[in-house]
Amino acid sequence: MTNTWMDIKNSDVIVIMGGNAAEAHPCGFKWVTEAKAHNKAKLIVVDPRFTRSASVADYYCPIRPGTDIAFLGGVINYLLSNDLIQKEYVLNFTNAAYIVKPEFGFKDGLFTGYDEVKRDYDKSSWDYEIGEDGFAKVDMTLQDPRCVYQLMKQHYSRYTPELVERICGSPKEKFLKVAEYMASTSKPDKAMTSMYALGWTQHSKGAQNIRTMAMVQLLLGNIGVRGGGMNALRGHSNIQGLTDVGLMSHLMPGYLNMPTQKEPDLATYMSSRGFKPLRPGQTSYWQNYKKFFVSFQKSIFGKAATAENDWAYNYLPKLDVTYDILRAFDLMYNGKMNGYICQGFNPLMSFPNKAKNLQALAKLKWLVVMDPLQTETARFWENHGEFNDSKPEEIQTEVFELPTTSFAEDEGSLTNSSRWLQWHWPGQEPPYETKTDIDIMAEIFLRLKTMYVNEGGAFPDPILNLTWNYQTPHAPTPEELAKELNGRVLEDITDPADPTKIILAAGKQLDGFAQLTDDGKTACGCWIYSGCFTDAGNQMARRDTTDPGGTGLAPKWTWAWPANRRILYNRASADVAGKPWAPQKPLIQWNGSRWVGFDVPDYGPTIKPEQSVGPFIMQQEGVARLFARTGMREGPFPEHYEPMEAPIANLMSPAIKGNPVARMFKGDREALGSAEKFPIVATTYRLTEHFHYWSKHVLPNAVMQPEFFVEMSEQLAAEKGIKIGGWVKVSSNRGFVKAKAVVTKRLQPLKVDGKVQHVIGIPIHWGFTGAAKKGYGVNVLGPVVGDANSETPEFKAYLVDVEPTTPPVTEPAVASVSSSKKQQG
């Protein structure tokens with residue numbers, strides 16, 4: 001989230017699109033009801049289904065899964081055509097005025113630089129014209145035909161309301177009403193918030209879904225203000241924290257990049273990370289990248305990281321490709337991976353094309369599963385009839401189960417959607433021989449290290465020199481790890497003007513990332529978390545509910561990254577002169593000598609407004625990007641592409657099928673289905689009564705939602721001869737599932753390009769372990785295609801067919817198998 005859960009109460013318009021907060025985030029949804037009750041906010045829901053969020057909305061608009069960019073592109077066209085933007089904000093706080101290279105262009109669905117063989121772009125034309133002074137050229141009148149504003153206006157002029165209706169199936173009058181609600185917040189004293197979740201991310205162009213709404217919010221002046229923002233609703237208590245500390249295979253903690261094979265040494269690695277400002281006087285805070293990187297290396301490798309060896313840069317792996325989950329299972333499937341450690345997730349049921357996953361796991365020599373529960377992944381070799389039709393006698397994979405504690409038995413911090421690091425304590429002692437994840441990983445590391453000491457290796461240095469200065473090496477404490485993430489001073493840091501004066505003494509916990517250095521005198525495990533555990537104590541354990549001004553920020557409740565800042569880019573909440581856009585909802589403002597207010601300024605506290613330093617301090621421009629010169633593989637402007645399996649051709653660019661740079665492996669493209677054979681669009685979702693694949697192990701949850709089902713419209717059921725509660729078979733080109741039919745008015749047929757289009761909804765939570773009735777994994781159906789930027793699978797839009805059927809054929813699990821296949825505890 002750029003803002004916070006509590007801040008939603010300050011919104012004037014709330015748009016839920018790409019999520020279902022009332023059902024999937026019921027606790028956080030209370031702030032939506034606060035906004036409606038006390039701020040007279042309007043709730044708008046755009047979704048393929050009439051969800052529980054839609055049931056309490058002021059306005060609902062249906063949409064075909066996978067067409068969000070077309071819908072929002074239409075909104076951008078509406079705003080620009082009707083001059084319904086926050087002009088002063090757009091002119092001064094975005095790159096609307098920047099002049100783009102003359103080589104840049106767009107034609108027939110593709111931007112300049114596309115390579116059809118590589119399925120990738122040469123992005124050199126996606127940049128600004130640079131003047132003789134070394135800075136990007138701008139036109140503050142916004143009249144230059146090559147300025148971002150004019151290029152954007154031209155690009156989105158194609159997204160007419162009529163075309164939006166043809167593509168999305170959203171009735172024109174409903175689309176225009178949604179656009180009108182959004183446009184109402186272009187007034188400086190109004191704000192709209194966007195609430196989204198996996199309904200936007202799980203697409204082959206998921207990152208661009210989010211970016212399109214971010215552009216809408218920038219045009220309306222809704223970023224950095226109270227009641228505004230882009231608010232990602234995290235579906236798990238610590239998914240945000242995992243991402244922050246390096247969950248992504250190409251990232252290190254704090255969103256630092258893993259080196260690639262093209263960066264064999266530190267000088268090459270840093271050569272593209274100077275982040276020189278593109279306009280005079282801009283902050284471009286990523287200029288401090290080397291401080292973050294060197295401090296991270298010192299945290300990991302301690303005294304072994306020195307200036308002489310480039311801070312142990314050679315200890316880091318150099319990526320040839322990104323090793324995300326889709327690639328990992330493709331390598332496994334092709335026999336190129338021997339072992340796999342699966343910690344805290346259930347890939348057999350979570351990754352697309354379950355049949356491929358099953359075959360992949362069967363080709364491993366060994367599989368380690370760390371989990372508090374029995375997962376389908378750990379039991380992939382068992383035969384459960386149609387639910388898991390494996391052949392145990394042919395599988396030689398050795399499976400080791402290491403039972404871990406659950407979150408309720410752990411101590412530590414959880415980072416929520418609001419970027420709050422909240423410390424928690426165990427609710428009970430762990431049962432039996434269960435160990436914490438930390439203890440298990442410590443044991444594995446120490447044994448690996450002993451093996452390297454005794455047996456040597458091709459390059460043992462990174463393992464042998466890994467910092468491990470914990471009081472009990474076999475059981476590091478959460479507090480020790482938190483202090484390590486926060487960072488500390490390794491050597492006295494003196495005043496440059498007076499070397500006899502010590503500014504920061506060795507051993508001190510850092511107060512924040514502003515104290516990091518690039519000379520090896522500081523260590524920090526995650527620069528954005530610096531400040532969470534200082535010499536003043538554990539800031540994450542604070543529980544002061546004081547909320548000055550009733551802002552919804554509660555600055556003394558726990559700690560938020562970065563720097564306990566609750567709303568990112570909050571300098572943008574004030575105009576060029578430093579006065580709040582919305583005087584009734586101030587956030588920070590200039591008092592004549594410094595920036596003051598309810599939040600920690602996301603800005604230099606004494607930078608004067610007349611210095612013209614932009615509020616988007618992480619960008620080299622100092623302003624937000626309506627035109628993305630870097631970072632997005634598909635193009636600098638989001639463009640509508642159909643899902644990889646779509647019921648119609650791309651009406652914007654008929655020659656382009658799907659995202660032209662989406663990631664697919666050999667064999668997966670051939671597994672795509674056609675609309676002729678599979679004419680129905682399927683989408684997946686979650687239920688309030690279940691949490692992913694966990695809660696089916698809990699009897700009360702299993703009683704409330706006991707059985708796998710599929711939702712469909714009354715019209716589709718009538719066409720197919722399907723009865724309420726009857727068994728149906730849902731098939732894709734990759735497999736089939738059987739489920740009970742829930743026939744409902746919550747789904748209605750759409751009219752797409754003049755033809756009736758049916759959509760069905762499938763919840764994800766069932767499998768062949770747990771207290772609930774056995775059910776199929778919905779991932780049997782989905783295609784193996786990854787978002788071009790994040791590699792997230794496209795679970796939210798693909799093609800199926802549905803028909804009445806008989807109940808599933810079930811067989812008991814195999815009672816005994818050869819010792820090589822038995823679980824090892």
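Residues numbered from 1 in each chain as written. Predicted model: local features only at pLDDT ≥ 70, side-chain atom pairs only at ≥ 80, totals over all residues. Heavy atoms only, no water.

A. The arrangement of the pairing of strand β8 (residues 192-196) in detail. Taking burial as the measure, the five residues of β8 include five buried ones, the bulk of the element. Burial of β8 is two-sided: the residues Met 192, Ser 194 and Tyr 196 facing one way and the residues Thr 193 and Met 195 facing the other way are all buried. Across four bridges, strand β1 (residues 13-17) lies against β8 in parallel orientation. Note that in β8 the partner of Ile 14 across the bridge is Thr 193. Pairing analysis gives three bridges linking β8 to strand β9 (residues 230-232), with the strands arranged parallel. Each bridged residue has a counterpart across the sheet, and for Ser 194 the counterpart in β9 is Met 230. (Buried < 20%, exposed > 50% of the residue type's maximum accessible area, 1.4 Å probe, protein only. Helix = DSSP H or I, 4+ residues; strand = E, 2+ residues; numbered from the N terminus. Pairing = 2+ DSSP bridges.)

B. Looking closely at the nonpolar core. Within the largest apolar cluster, 78 residues are counted, with the highest numbers of intra-cluster contacts made by Phe 71 and Met 182. Here this core takes eight residues from helix α4 (residues 68-81), the largest share from any one element. Non-local contacts of Met 182, meaning those with residues more than four positions away in its chain, are made with Val 15, Leu 72, Val 75, Met 192, Met 213, Val 216 and Leu 220. (Core = buried A, V, L, I, M, F, W, Y, C linked by side-chain atoms within 4.5 Å. Contact = heavy atoms within 4.5 Å.)

C. Geometry of the environment of Asn 10. Within the secondary structure, Asn 10 is located in the segment before β1. Under the relative-accessibility criterion, Asn 10 is labelled buried at 8%. Along the sequence, Asn 10 and Leu 176 sit 166 residues apart, while their C-alpha atoms lie 25 Å from each other. Beyond its immediate stretch of four places on either side in the chain, Asn 10 contacts Asn 39, Arg 226, Gly 227, Thr 551 and Lys 585.

D. Main features of the pairing of β1. Buried residues dominate β1, accounting for five of its five residues. By the alternation rule, side chains of β1 split into Val 13, Val 15 and Met 17 and Ile 14 and Ile 16, which are all buried. The pairing of β1 with strand β2 (residues 42-46) spans five bridges and is parallel. Across the sheet, Ile 14 pairs through a bridge with Leu 43, a residue of β2.

E. Molecular detail of the packing of α4 against helix α10 (residues 206-220). The contact between α4 and α10 brings their axes to 9 Å, and the two run at 15°. As summarised for this structure, α4 and α10 are arranged roughly parallel, according to the angle between their axes. For the pair α4 and α10, the crossing hand works out as left-handed. Packed against α4, whose contacting residues are Asp 68, Ile 69, Leu 72, Gly 73, Val 75, Ile 76, Leu 79 and Leu 80, the element α10 presents Gln 208, Asn 209, Thr 212, Met 213, Met 215, Val 216, Leu 219 and Leu 220 at the interface. Looking at the contact of α4 with α10 residue by residue, the classes come out as 11 nonpolar, four polar and one charged. (Axes fitted to C-alpha atoms, helices over the stretch in contact; angles between N-to-C directions. Parallel < 35°, antiparallel > 145°, perpendicular 65-115°, else oblique. Left-handed = near helix turned anticlockwise from the far one by under 90°. Nonpolar A, V, L, I, M, F, W, Y, C, P; charged D, E, K, R; others polar.)

F. Structural context of a negative patch on the surface. Among the surface-exposed residues, Glu 491, Asp 492, Asp 518 and Asp 519 lie close enough to one another that they form a single negatively charged patch. Mapped onto the elements of the fold, Asp 492 is located in the loop between β17 (488-489) and β18 (493-495). The exposure class of Asp 492 is partly exposed, given its relative accessible area of 35%. (Patch = residues over 30% accessible without salt bridge, like charges linked within 9 Å, V, L, I, M, F, W, Y side chains within 5 Å. Areas by Shrake-Rupley, 256 points an atom, 1.4 Å probe, with all protein chains shown as cover. Salt bridge = Lys/Arg side-chain N within 4 Å of Asp/Glu carboxyl O. Lys, Arg positive; Asp, Glu negative; His and termini not counted. Charge placed at Lys NZ, Arg CZ, Asp CG, Glu CD.)

G. Up close: α10. Here α10 is 15 residues long and its end C-alpha atoms lie 22 Å apart, about the 21 Å a rise of 1.5 Å per residue gives. Burial within α10 is extensive, with 13 of its 15 residues counted as buried. Note on α10: the residue one or two positions beyond its end, Gly 221, has a positive phi of about 75°. (Expected span 1.5 Å × (residues − 1).)

H. Quick look at unusual backbone geometry. Note the cis peptide between Trp 561 and Pro 562, where omega equals -10°. Topologically, Pro 562 is positioned in the loop between β23 (559-560) and β24 (588-590). In the Ramachandran plot, Asn 564 falls in the positive-phi region, its phi being about 60° despite a non-glycine side chain. Considering the arrangement of structural elements, one finds Asn 564 in the loop between β23 and β24.

I. Looking closely at the packing of aromatic side chains. Tallying each qualifying case throughout the model produces 48 aromatic pairs. Their ring planes at 90° and their centres at 4.9 Å tell us that Phe 301 and Tyr 315 sit as a pair that is edge-to-face. Taken together, the positions of Phe 301 in helix α13 (residues 289-301) and Tyr 315 in the loop between α13 and α14 (325-333) put the pair 14 residues apart, joining distant regions of the chain. With relative accessibility at 12%, the residue Tyr 315 sits in the buried group. Three or more aromatic residues link up through ring pairs in this structure, and these residues are Tyr 98, Phe 104, Phe 106, Phe 111, Tyr 114, Tyr 121, Trp 126, Tyr 128, Tyr 156, Tyr 159, Phe 627 and Phe 637. (Phe/Tyr/Trp six-rings, centres within 6.5 Å; stacked < 30°, edge-to-face > 60°.)

J. Broad picture of the domain arrangement of the chain. On domain assignment, one finds that the chain holds domain 1 (6-235), domain 2 (325-415 + 429-464) and domain 3 (680-804). Inter-centroid distance (C-alpha atoms) of domain 2 to domain 3 is 28 Å. At the junction of the two partners, domain 2 supplies 23 residues and domain 3 supplies 25 residues. Carbon and sulfur atoms supply 66% of the area that domain 2 and domain 3 bury against each other, a total of about 2,100 Å² over both sides. If you look at where domain 2 meets domain 3, you find two salt bridges. A salt bridge links Lys 738 to Glu 386; its shortest N-O distance comes to 3.4 Å. At the surface where domain 2 touches domain 3, the tally comes to 15 residue pairs in polar contact (both at pLDDT 80 or more). The set of elements that each furnish at least two residues to the side of domain 2 that touches domain 3 consists of α14, α15 (347-350) and α16 (354-362). The element best represented in the side of domain 2 that touches domain 3 is α15, accounting for four residues. Of the residues contributing to the side of domain 2 that touches domain 3, the split by class is 10 nonpolar, eight polar and five charged. (Domains from an automatic or database assignment. Buried area = accessible area lost by both parts, 1.4 Å probe. Polar contact = N/O pair within 3.5 Å; in protein donor to acceptor, adjacent residues only side chain to side chain.)

K. Molecular detail of the confidence of the model for the chain. Taken over all residues, the pLDDT of the chain has a mean of 95, while the share at 70 or more is 98%. Contacts of residues 813-822 to residues separated by more than four positions or lying in other chains number 19 contacts, the stretch itself having pLDDT below 50. (pLDDT = per-residue confidence, 0-100.)

L. Focus on the sheet that holds strand β16 (residues 420-424). An order of β15-β16-β23 is seen for the three strands of this open sheet, with the pairing classed as antiparallel. Each end of this open sheet is capped by a strand with a single partner; those strands are β15 (412-415) and β23. Two elements, β15 and β16, share four bridges in a ladder whose sense is antiparallel. Bridged to Thr 415 within β16 is Leu 421.

M. Structural view of the state of the cysteines. Taken as a whole and assessed by the stated rule, the structure comprises zero disulfides. Sulfur of Cys 526: no disulfide; nearest cysteine sulfur belongs to Cys 524 and is 6.8 Å away. In this structure Cys 526 comes out as buried when scored by relative accessible area, which is 1%. Looking at the unpaired Cys 532, the closest cysteine sulfur is the one in Cys 524, lying at 8.4 Å. A relative accessible area of 1% places Cys 532 in the buried class. (Disulfide = S-S within 2.5 Å.)

N. Layout of the environment of Leu 448. Structurally, the position occupied by Leu 448 is in helix α17 (residues 437-455). The class of Leu 448 is partly exposed, set by a relative accessible area of 36%. Considered as a pair, Leu 448 and Leu 464 are 16 residues apart in the sequence and their alpha carbons are 9.4 Å apart.

O. Representation of the side chain of His 25 within the structure. On the secondary structure map, His 25 appears in the loop between α1 (21-24) and α2 (30-38). Contact partners of His 25, with chain neighbours within four places excluded, come to Trp 5, Asn 20, Ala 197, Leu 233, Arg 234 and Gly 235.

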